[in-house]
Amino acid sequence: MMCCAHGAETLVKEQIANEGWRLAFSRPGFVTAKHDQNKRPPTGVFIRTAARSLGSAKSDHSSAMIQKLQQAISSETVPFDQLHVWPRDRTAIGRFDFEPGIDEVSAAVADEIWAALHDGSASNGPGLTCARPNQIAENGQRILDVVLVDPSQWFFGTHEATTLPTRWPGGVQPIEPAYEPISRAYFKAAESIAWSGFDMRPGDLAVEVGSAPGGACGRLLELGMQVIGVDPADMDPRIADHPRFIHYPARAGDLPRRVFRGAKWLLVDSTVKPDATLSTVRNMVDSRETSFRGLLITMKLGEYENATHLERWCNFIRTWGVERLEVRQLARNRCEVCAAVTLPA
């Protein structure tokens, strides 16, 4: 069973069908499939979470569904290290201010499930070793997943924590900002930085293209970095007045490259088409004045049908002589994807 952004399920279905998976039950933001061979759950750009399905339950009463869950895991012999419970995306991210992740209903359900299962002897099953539900898992831990497709319909599964997103409940980064974020770009930046694995350190110089009003810059400053923001629009005063921030009210292509001298990291999130974005980035990284080590590039799809261009865009990025390129639709991304690019030192 797999979760994705509401609207991206068609892309997930196309990908896994090409890998030999037979489609089963699905809803917007949620897909299940079967395979004739014993294969690991699929991964891909638009697959936020993936788990081996253990069953499902449908009822107006949570107690009845918990009983079905207990029956579904009764044959498991090893306790689960973590319990992750979350809802599928009920609508497109950003629509009606919707954001993915644990809501009040799934949090209450998680507490109820944990109370029933944490003591294996009481539940007559493998039990849970976690002190509470929906914690960040450690690498190698075994996780019991419960997806609320609807409040009255749950799907159960299990997966092993490997990459950082697989350690997060529902693949959504748990984060508590030190201050009220200026915009949701704060959360996108935080997730992209964590997912990329970039070794960003206090004192590093980072550049953000498309910086206004300052959400992502706020996260970079919170991490102790020196930050250059490039955007014709005004920055929020909380960012503009920060002693470690410099604003260039211009377009990146119009600035002399020496402005970016010494910068190690480049974040790009502009409201232009990916071809134009990538052309601008290429000109920046090709300059003898720059020495970027890592790039986080948001590529706006506009419509999911435009994902057919992803391979072409990635091939263009590879012509820059990159060491590593990974692409993912972050949990906080709207109809867009993030490319994490490592350049040679």
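These numbers come from a predicted model, not from an experiment.

(A) Molecular detail of the nonpolar core. In this structure, Phe46, Val207, Leu266, Phe292, Leu295 and Ile297 are the most contacted members of the largest nonpolar core, which totals 50 residues. With residues up to four places along the chain from it excluded, the contact list for Val207 reads Ile228, Val230, Phe260, Ala263, Trp265, Leu266, Leu267 and Phe292. Grouped together as the second largest cluster of nonpolar side chains are 22 residues, Leu221, Phe245, Leu267 and Cys338 included.

(B) The sheet that holds strand S4 (residues 49–50), seen in detail. The four strands lie next to each other as S2-S3-S1-S4, forming an open sheet whose pairing is antiparallel. The open sheet has two free edges, formed respectively by strand S2 (22–27) and S4, since each of these has just one partner strand. Where strand S1 (residues 2–3) and strand S3 (residues 30–34) come together, two bridges link them in antiparallel fashion. Its bridge partner lying in S3, Cys3 is registered against Phe30. Lying over the sheet, helix H1 (residues 9–18) contacts S1, S2 and S3, oriented at roughly 15° with respect to S3.

(C) Representation of the pattern of salt bridges within the structure. Evaluated as defined, the whole model comprises 19 salt bridges. Residue Asp89 is joined to Arg48 by a salt bridge in which the shortest nitrogen-to-oxygen separation is 2.8 Å. Taken together, the positions of Asp89 in the loop between strand S6 (82–87) and helix H3 (104–117) and Arg48 in the loop between S3 and S4 put the pair 41 residues apart, joining distant regions of the chain. Classification of Arg48 by relative accessible area gives buried; the value is 9%.

Conventions we followed
- Residues numbered from 1 in each chain as written.
- Predicted model: local features only at pLDDT ≥ 70, side-chain atom pairs only at ≥ 80, totals over all residues.
- Heavy atoms only, no water.
- Core = buried A, V, L, I, M, F, W, Y, C linked by side-chain atoms within 4.5 Å.
- Buried < 20%, exposed > 50% of the residue type's maximum accessible area, 1.4 Å probe, protein only.
- Contact = heavy atoms within 4.5 Å.
- Pairing = 2+ DSSP bridges.
- Helix = DSSP H or I, 4+ residues; strand = E, 2+ residues; numbered from the N terminus.
- Axes fitted to C-alpha atoms, helices over the stretch in contact; angles between N-to-C directions.
- Salt bridge = Lys/Arg side-chain N within 4 Å of Asp/Glu carboxyl O.

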